[in-house]
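Structural features, examined
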Amino acid sequence: MVIVAASEAAIAQAAESLRRAELVGMPTETVYGLAADASSELAVARIYAAKGRPQFNPLIAHVASLDMALNEAVLDERALRLAARFWPGPLSLVLPVAPTGRVCELARAGLQTVALRMPGHSVAMELIRALGRPVAAPSANRSGRISPTSAQDVVAELGEQAALVLDAGPAQVGLESTIVAVLPGEAVRLLRPGGISREALLTVVDEIAVLPPGRIEAPGQLASHYAPRARLRMNVLAPEAAEIFLGFASHHREGSLNLSRSGDLIEAASNFFAMLRSLDASGATGIAVAPIPEHGLGAAINDRLQRAAAPR
Ligand code: TXA
Ligand code: MG
């Protein structure tokens with residue numbers, strides 16, 4: 001990964017990389033992010049692979065204007081007030097997905113909500129504008145490690161996983177954004193404390209629900225995660241008559257979908273939600289999934305399948 005001073009030309013080059021579904025290190029005011037085109041399942045799969053996350057946690061999609069946000073999500077009056085007061089800045093809003101939304105399903109980890117943030121950093125804003133659509137970016141560290149606040153940190157964490165990192169000096173806030181959910185029929189809920197305090201939020205909204213201690217929601221575990229209606233079985237070599245098959249690599253059946261004929265786990269992750277959804281929509285009562293190896297993104301796919309297979 002090369003470190004490039006964040007000039008206009010370098011930002012244009014980074015936007016080209018994003019268009020090719022490559023990853024780019026992006027400075028923001030909170031921490032450096034590992035950026036990808038949020039509308040590309042392949043690019044987003046590459047983020048999960050680079051971070052070595054054992055789960056598909058939903059990602060924050062970064063926008064460069066209120067119009068871009070309104071295209072992606074439904075902002076009620078409370079959300080509009082929060083955005084007007086704190087954007088650009090270290091506040092991410094978890095909102096219902098809009099019908100026109102382009103943030104792909106893998107970036108949302110299958111949820112019907114999307115986390116949006118307008119970063120308070122001119123380089124990030126210019127990169128998003130140059131791409132012309134939202135940029136998905138988790139903190140640019142490997143899973144479970146400290147978030148990077150410099151371009152050098154990004155290289156140390158992720159080495160060859162990204163084409164380039166735009167260097168804009170140290171991140172100012174050094175702490176990730178505050179995440180709040182603003183969903184219909186619910187009080188505004190603080191999901192992650194961060195750069196903007198609860199007190200500051202309360203100057204704009206009347207009420208903020210905080211989860212009781214010990215019940216911090218790890219979003220990967222949310223019960224509201226998309227689960228198929230059909231019964232799902234994993235590690236199946238021979239489907240039963242009533243089951244529809246989802247193959248992987250050489251575990252393939254004529255006329256069935258296959259997550260990746262070549263056994264590429266990044267390709268499998270990029271196909272995962274769309275294929276599961278289309279099998280479910282076919283009205284099958286059972287879905288049988290071929291064995292997925294437990295390495296790389298296979299672990300995240302198996303984690304997701306386990307949740308989908310759990311009795312409800
Ligand atoms: O400051 C930041 O927010 C940085 C910079 C790069 O913008 N980004 C960041 O992303 O911290 P990440 O992926 O490390 O944390 C994003 C978190 C997820 O782990 C999840 O907790 C939450 O955002 N999240 C995203 N979408 C969500 C959703 N639809 N519902 C609930 N939580 C969501
Ligand atoms: Mg993080």
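Not measured: the values here are computed from a predicted model.

A short note on the environment of asparagine 271
Mapping asparagine 271 onto the fold places it in helix H8 (residues 265-281). Spatially, the C-alpha atoms of asparagine 271 and leucine 42 are 8.3 Å apart, while their sequence positions differ by 229 residues. From its side chain, asparagine 271 meets the backbone oxygen of leucine 259 in a polar contact 2.9 Å long.

Let's talk about the sheet that holds strand S15 (residues 286-289)
Taken in spatial order, the four strands of this open sheet run S12-S15-S13-S14, and their pairing is parallel. Two strands close off the open sheet at either side, each with one partner strand: strand S12 (231-233) and strand S14 (257-258). When S12 meets S15, the two strands line up parallel, connected through three bridges. In the strand pairing of S15, arginine 233 is matched with alanine 288.

Some points on the pairing of S15
The side-chain alternation of S15 yields two buried faces, one formed by Gly286 and Ala288 and the other by Ile287 and Val289. Here strand S13 (residues 243-247) pairs with S15 via four bridges, running parallel. Opposite isoleucine 244, over in S15, you have isoleucine 287 as the bridge partner.

Topic: the nonpolar core
Judged by nonpolar contacts, the single largest core of 99 residues is most densely connected at Phe56, Leu82 and Leu93. Broken down by element, this core gets its largest block of residues, eight residues, from H8. Looking at this core, you find at least three residues from each of domain 1 (2-201) and domain 2 (231-309). Counting six residues, the second largest nonpolar core, distinct from the first, contains Ile60, Val94, Ile179 and Leu183.

Digging into the packing of helix H1 (residues 8-19) against helix H5 (residues 122-131)
At their nearest, the axes of H1 and H5 sit 9 Å apart, and the two run at 50° to each other. By the angle class used here, H1 and H5 are oblique. Like other packed secondary-structure pairs, H1 and H5 cross with a definite hand, here right-handed. The residues of H5 that touch H1, namely those facing Ile11, Ala14, Ala15, Leu18 and Arg19, are Val123, Glu126, Leu127, Ala130 and Leu131. Residues belonging to the contact of H1 with H5 are distributed by class as follows: eight nonpolar, no polar and two charged.

Looking at the domain arrangement of the protein
On domain assignment, one finds that the protein holds domain 1 (2-201) and domain 2 (231-309). If you look at the interface, domain 1 gives 15 residues, while domain 2 gives 14 residues. Carbon and sulfur atoms make up 68% of the surface buried where domain 1 meets domain 2, a total of about 1,200 Å² over both sides. Seen at the junction of domain 1 and domain 2, the total is two residue pairs in polar contact (both at pLDDT 80 or more). Looking at the side of domain 1 that touches domain 2, its residues break down into eight nonpolar, three polar and four charged.

Remarks on the environment of glutamine 112
Relative to the assigned elements, glutamine 112 resides in the loop between strand S5 (91-96) and strand S6 (113-117). Placed 16 residues apart in sequence, glutamine 112 and proline 96 show a C-alpha to C-alpha distance of 6.1 Å.

Looking at the confidence of the model for the protein
Per-chain confidence: the protein averages 93 in pLDDT, with 95% of residues scoring 70 or above. Low pLDDT (under 50) marks residues 218-224, which in the prediction has 11 contacts with non-local residues, meaning those over four places away or in another chain.

Here is what the cut-offs are and how they apply
Residues numbered from 1 in each chain as written. Chains lettered and ligands numbered in written order. Predicted model: local features only at pLDDT ≥ 70, side-chain atom pairs only at ≥ 80, totals over all residues. Heavy atoms only, no water. Helix = DSSP H or I, 4+ residues; strand = E, 2+ residues; numbered from the N terminus. Polar contact = N/O pair within 3.5 Å; in protein donor to acceptor, adjacent residues only side chain to side chain. Pairing = 2+ DSSP bridges. Buried < 20%, exposed > 50% of the residue type's maximum accessible area, 1.4 Å probe, protein only. Core = buried A, V, L, I, M, F, W, Y, C linked by side-chain atoms within 4.5 Å. Domains from an automatic or database assignment. Axes fitted to C-alpha atoms, helices over the stretch in contact; angles between N-to-C directions. Parallel < 35°, antiparallel > 145°, perpendicular 65-115°, else oblique. Left-handed = near helix turned anticlockwise from the far one by under 90°. Contact = heavy atoms within 4.5 Å. Nonpolar A, V, L, I, M, F, W, Y, C, P; charged D, E, K, R; others polar. Buried area = accessible area lost by both parts, 1.4 Å probe. pLDDT = per-residue confidence, 0-100.

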